[in-house]
Amino acid sequence: MTMPLEIVTVPCLSDNYAFLLHNPDTAETAVVDAPEAEALTSALSERGWGLDHILLTHHHWDHIGGVAALRDQYGAQVIGAAADAHRLPPLDIAVSEGDQITLLGADIDILDVSGHTVGHIAFHMPQAKALFTADSLMALGCGRLFEGTPGQMWGSLQKMAALPADTIVYPGHEYTEANARFAITIEPGNDMLVRRIHDIEDARAANKPTVPSRLSEELATNPFLRPHVGEVKKSAGLPNGTEAEVFAQIRAMKDNF
Ligand code: ZN
Ligand code: FE
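Since this is a predicted model, take the numbers as computed values, not measurements.

Rules behind the numbers
- Residues numbered from 1 in each chain as written.
- Chains lettered and ligands numbered in written order.
- Predicted model: local features only at pLDDT ≥ 70, side-chain atom pairs only at ≥ 80, totals over all residues.
- Heavy atoms only, no water.
- Patch = residues over 30% accessible without salt bridge, like charges linked within 9 Å, V, L, I, M, F, W, Y side chains within 5 Å.
- Areas by Shrake-Rupley, 256 points an atom, 1.4 Å probe, with all protein chains shown as cover.
- Salt bridge = Lys/Arg side-chain N within 4 Å of Asp/Glu carboxyl O.
- Lys, Arg positive; Asp, Glu negative; His and termini not counted.
- Charge placed at Lys NZ, Arg CZ, Asp CG, Glu CD.
- Helix = DSSP H or I, 4+ residues; strand = E, 2+ residues; numbered from the N terminus.
- Core = buried A, V, L, I, M, F, W, Y, C linked by side-chain atoms within 4.5 Å.
- Buried < 20%, exposed > 50% of the residue type's maximum accessible area, 1.4 Å probe, protein only.
- Contact = heavy atoms within 4.5 Å.
- Donors = N, O, S within 2.8 Å, 3.2 Å for Na, K, Ca; no water.
- Axes fitted to C-alpha atoms, helices over the stretch in contact; angles between N-to-C directions.
- Parallel < 35°, antiparallel > 145°, perpendicular 65-115°, else oblique.
- Left-handed = near helix turned anticlockwise from the far one by under 90°.
- Nonpolar A, V, L, I, M, F, W, Y, C, P; charged D, E, K, R; others polar.
- Pairing = 2+ DSSP bridges.

1. Let's talk about a negative patch on the surface
Consideration 1: Negative charge collects at one region of the surface, where Glu177, Asp199, Glu201 and Asp202 lie side by side.
Consideration 2: In this structure, Glu201 sits in helix H6 (residues 191-205).

Written as structure tokens, this is what we have:
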């Protein structure tokens, strides 16, 4: 019987997260995003792990800053979006929406989740029930739209929302408390949201990460996945708006919050 993958959350820089994936049977290790080398090198050496693969979600510096140093030190191969090859570190494997690769003995499906940037990808591991979303779907939030349109981000969120509800969501930042302050203004009558915010406050008071979360929790509490809900539509000032219109409006409201 094969052991399940170990997944380790590694805080990097001021509020980024990278995630180590380790297969104890083969001793292979991968990382999702490389905000910096130092935090990752320490996390790897503490465990006696090497680094075989670096998976990149998007081109922002706070997700790729450690790639060159890690590649030099460990000889890791770098995997990222073909669409962003011109602005990512050199890629050994370039992937696109719909591709499936196998790493650490597990399948990884590539989803295009453009919106925050155009070319942002997410990594879905169906057997591990893990979804690495970086700055697309986040705990109680979604990434700011630097390059894409609201329609692109809404399409990306719908794609992720359709995955099995017991999928575990691993976003790229600890933004949850700020996201919660906004979310509660959009849906003050959501009891699950109120309870989740208490848990988030407790976790942060104890200096613990609020990620990962379960997709089912996001579906029940993340306002950006809930533009079909009456209270969300009303808060957006669009009681008869379409889901795409309501999403675009609450994304714009969050920018000015
Ligand atoms: Zn980013
Ligand atoms: Fe980021």
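That covers the picture; the talk isn't over yet.
2. Structural notes on the nonpolar core
Consideration 1: Core analysis: the largest hydrophobic core is formed by 24 residues, its most contacted members being Leu55, Ile108, Phe123 and Phe132.
Consideration 2: At the level of secondary structure, the elements contributing two or more residues to this core comprise strand S2 (16-23), strand S3 (28-32), strand S5 (77-81), strand S7 (100-103), strand S8 (106-112), strand S9 (121-125), strand S10 (130-134) and strand S13 (168-171).
Consideration 3: Ignoring sequence-local partners within four residues, the contact set of Phe123 consists of Val32, Leu55, Leu56, Thr57, Ile108, Asp109, Ile110, Ala130, Leu131 and Phe132.
Consideration 4: By size, the runner-up hydrophobic cluster in this structure holds 23 residues, among which are Trp154, Leu157, Leu215 and Val246.

3. Concerning the coordination of the zinc ion (ligand 1)
Consideration 1: Taken together, the protein ligands of the zinc ion (ligand 1) are His58 (NE2), His60 (ND1), His116 (NE2) and Asp135 (OD), with distances of 2.2 to 2.3 Å.
Consideration 2: Within one chain, the residues donating to the zinc ion (ligand 1) are spaced in sequence as H-x1-H-x55-H-x18-D.
Consideration 3: Between the two metal centres, the zinc ion (ligand 1) and the iron ion (ligand 2), the spacing is 3.0 Å, with Asp135 acting as a shared donor. Of the two residues, His60 sits in the loop between strand S4 (53-55) and helix H2 (61-64) while Asp135 sits in the loop between S10 and strand S11 (137-138), which places them 75 residues apart along the sequence. Considered together, His60 and Asp135 belong to a single accessibility category, that of buried residues.

4. Looking at the packing of helix H4 (residues 150-161) against helix H9 (residues 243-255)
Consideration 1: At a minimum axis separation of 9 Å, H4 and H9 run at an interaxial angle of 110°. In terms of axis orientation, H4 runs roughly perpendicular to H9. Regarding H4 and H9, the two cross each other, and that crossing is right-handed. Contacts between H4 and H9 involve Pro150, Met153, Trp154 and Leu157 from the former and Glu243, Ala244, Phe247 and Ala248 from the latter.
Consideration 2: Taken together, the residues of the contact of H4 with H9 break down into seven nonpolar, no polar and one charged.

5. Notes on the pattern of salt bridges
Consideration 1: One pass over the full model with this rule turns up twelve salt bridges.
Consideration 2: Note that Asp84 and Arg87 form a salt bridge whose closest N and O atoms lie 2.7 Å from each other.
Consideration 3: One salt bridge connects Lys159 with Glu97, and the closest N-O pair in it is separated by 3.1 Å. Here Lys159 is found in helix H4, whereas its partner Glu97 is found in the loop between strand S6 (93-95) and S7, with 62 residues between them in sequence.

6. A few points about helix H1 (residues 38-47)
Consideration 1: Within the sequence span of H1, burial applies to Ala39, Leu40, Thr41, Ala43 and Leu44.
Consideration 2: For H1, the elements touching its buried residues are strand S1 (6-12), S2, S3 and helix H3 (67-74).

7. Quick notes on unusual backbone geometry
Excluding glycine, most residues fall at negative phi; most peptide bonds, likewise, are trans.
Consideration 1: Residue Pro212 follows Val211 across a cis peptide bond; omega there is 0°.
Consideration 2: Inspection of the secondary structure puts Pro212 in the loop between H6 and strand S14 (213-214).
Consideration 3: One non-glycine residue with positive phi stands out, namely Asp33, at about 70°.
Consideration 4: On the secondary structure map, Asp33 appears in the loop between S3 and H1.

8. As for the environment of Leu55
Consideration 1: Position of Leu55 relative to the elements: it lies in strand S4.
Consideration 2: Note on Leu55: relative accessible area 1%, which makes it buried.
Consideration 3: Counting along the chain gives 191 residues from Leu55 to Val246, while the straight-line C-alpha distance between them is 33 Å.

9. What to know about the pairing of S2
Sheet faces and side chains relate simply in a regular strand, where the side chains alternate between the two faces.
Consideration 1: Counted residue by residue, S2 has eight buried out of eight residues, so it is predominantly covered.
Consideration 2: Burial of S2 is two-sided: the residues Asn16, Ala18, Leu20 and His22 facing one way and the residues Tyr17, Phe19, Leu21 and Asn23 facing the other way are all buried.
Consideration 3: Where S1 lies against S2, seven bridges are found, and the strand directions are antiparallel. If you follow Cys12 over to S2, its bridge partner there is Asn16.
Consideration 4: Counting the residues that bridge the hairpin from S1 to S2 gives three residues, and of these Leu13 lies at a positive phi of roughly 50°.
Consideration 5: Here S2 pairs with S3 via five bridges, running antiparallel.

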